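A closer look at the structure
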Amino acid sequence: MYNIAVLPGDGIGVEIVPEAIKALKAVAEKFGHEFKFEEALIGGAAYDAVGHPLPPETLEICKKSDAVLLGAIGGPQYDELPVHLRPEIGALLPLRKELALFSNLRPCILFPGLLQASTIKEEVIQGVDIMVIRELTGGLYFGDKYREKTLDGGEKATDILTYSTDEIERIVRFAYEVARKRRKKLCSVDKANVLESSRLWRETVSVLEKEYPDVETIHMYVDNCSMQLIRDPRQFDVIVTENMFGDILTDEASMLTGSIGMLPSASIGGEVGLYEPSHGSAPDIAGQNKANPLATILSAAMLLRYSFNMDKEAEVIEQAVTRVLEEGYRTGDLLSCSDSGGKEIKVLGTREMGDVIVEKIMLL
Ligand code: NAD
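What comes next concerns the included structure.

Scoring rules and cut-offs
- Residues numbered from 1 in each chain as written.
- Predicted model: local features only at pLDDT ≥ 70, side-chain atom pairs only at ≥ 80, totals over all residues.
- Heavy atoms only, no water.
- Core = buried A, V, L, I, M, F, W, Y, C linked by side-chain atoms within 4.5 Å.
- Buried < 20%, exposed > 50% of the residue type's maximum accessible area, 1.4 Å probe, protein only.
- Contact = heavy atoms within 4.5 Å.
- 1 Å grid on protein atoms, 1.4 Å probe; cavity = no way out; pocket = protein on both sides within 12 Å on 5 of 7 lines; lining within 4 Å.
- Points joined across faces, edges and corners; volume = space filled by probe spheres on them.
- Helix = DSSP H or I, 4+ residues; strand = E, 2+ residues; numbered from the N terminus.
- Nonpolar A, V, L, I, M, F, W, Y, C, P; charged D, E, K, R; others polar.
- Near = heavy atom within 4 Å.
- Polar contact = N/O pair within 3.5 Å; in protein donor to acceptor, adjacent residues only side chain to side chain.
- Areas by Shrake-Rupley, 256 points an atom, 1.4 Å probe, with all protein chains shown as cover.
- Axes fitted to C-alpha atoms, helices over the stretch in contact; angles between N-to-C directions.
- Parallel < 35°, antiparallel > 145°, perpendicular 65-115°, else oblique.
- Left-handed = near helix turned anticlockwise from the far one by under 90°.

What follows concerns the nonpolar core. Among the nonpolar cores identified, the biggest contains 64 residues, and L69, I133, M262, L304, V321 and I361 are the most heavily contacted of them. Leaving out residues up to four positions away in the same chain, I133 has contacts with S103, N104, L105, I171, F174, A175, V178, V238, I239, V240 and T241. I120, V128, M220 and A253 belong to the second-largest nonpolar core, a separate cluster that totals 22 residues.

Turning our eyes to something else, we now look at the layout of surface pockets. Considered as a void within the structure, the largest pocket measures approximately 910 Å³ in volume. In terms of lining residues, the largest pocket is bounded by 35 residues, among which E88, I89, L93, Y141 and D247 are the most central. Residue assignment for the lining of the largest pocket shows that the elements contributing at least two residues are β3 (67-72), α4 (87-98), β6 (145-149), β7 (155-159), α9 (243-254) and β12 (273-277). When residues of the lining of the largest pocket are assigned to their parent elements, the largest contribution, six residues, is made by α4. For the lining of the largest pocket, the per-class residue count stands at 16 nonpolar, seven polar and twelve charged.

Within the structure, the ligand sits among 20 residues, and I73, E88, G280, A282 and D284 are positioned closest to it. N292 is positioned such that a nitrogen or oxygen atom in its backbone is 2.9 Å from a nitrogen atom of the ligand. Taken by itself the ligand offers 810 Å² of open surface, and the protein chains cover 70% of this.

Glancing now at empty space enclosed by the protein. Evaluation of the coordinates by the stated rule reveals one cavity of 30 Å³ or more. Of the voids in this model, the largest cavity is the one considered here, and its volume is about 40 Å³. Around the largest cavity, the lining residues are K185, L186, C187, I218, Q235, F236, D237 and V238. With three residues, strand β8 (residues 185-190) is the single largest residue contributor to the lining of the largest cavity. The class makeup of the residues in the lining of the largest cavity is five nonpolar, one polar and two charged.

Before going further, it helps to spend a moment on the packing of helix α8 (residues 222-231) against α9. In the contact formed by α8 and α9, the axes pass within 10 Å of each other and the chain directions differ by 15 degrees. Taken as axis vectors, α8 and α9 run roughly parallel relative to one another. Crossing of α8 over α9 shows right-handed handedness. Contacts between α8 and α9 involve V222, C225, S226, L229 and I230 on the former and, on the latter, F245, L249, E252 and A253. Here the contact of α8 with α9 is composed, by residue class, of seven nonpolar, one polar and one charged.

Written out as structure tokens, the structure is:
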């Protein structure tokens, strides 16, 4: 019996998470596993209900579970709350810290059925398969932040960016181990020409590089990396980078796959892993059955692989997604320029997409 803490959160989170649960239940039935789901409040929904975006009961449920499945949090109605009560700063960041999730994996894979759904030319993105590994519990997002009044009556805002050798070493070692199991190419991304923290990052990678002679290491500045991702994404195998650079580069990388609604993520490091789509709560389409649930369903596949060591089960979900896309099923975000190789395109809502994935899982 495996216990999964379920945190739907806000906006489309409450629509996409049930679809991932449907997929997990189908896998449980097919392979004879038992998954127990325990739902808890997080984000704006938790603030509305109990006055805090990360209630202690939620943290407790997460800590005693075997894995956590999260939807998304946030929304414009929470943007003006005091900083510690805002969903991302008050819930997501402390949850990652409490669960010691220093490593965030975001696989950016182009599903063949979506070759024409990307805004980038087919010949540039065909075969893209990148694993972006983002440091998740350090850097600018976790540094001290404050404001001061200035003499001219204005304000000065400060965010502190800190990294220690230990923090860099553990994420880079992890990335080398992942690269060893893939195409053995590691691109470390920094801004060492300007930032001191990046200079330490680069020096640390240069020391570790000698321990992994079987992996080709390259260093790239983050501005160049953002350009190279669009110019020639196939040059990348594993990218490792610090927290904020990883946040921005993965949204950019998502467009290679057709939509941010396709990009799953796994956050690991401590005893309990956290799995969530890379996108936010999409308030513009929330409550309309329009959200793409595939990033969350693919996050559930990562949960099976990384937390439960269930490779076969994870592959069945990934295969189901591949087949469904090949057969021409699409949510609205995948529609632009989308072509299914001559097959008719069928536009589905969130729930209906979940249904066809479940059907496919059972058939595979
Ligand atoms: P967003 O990712 O929510 O949305 C960006 C765009 O992508 C929107 O047009 C949205 O409709 C679209 N989109 C996102 N996911 C989609 C899906 N599954 N299917 C179809 N279209 C999808 O980013 P944003 O608009 O910058 O942020 C909205 C809120 O989400 C903010 O409050 C932000 O703080 C929060 N946020 C939360 C997380 C998280 O929970 N991990 C991450 C990013 C942003």
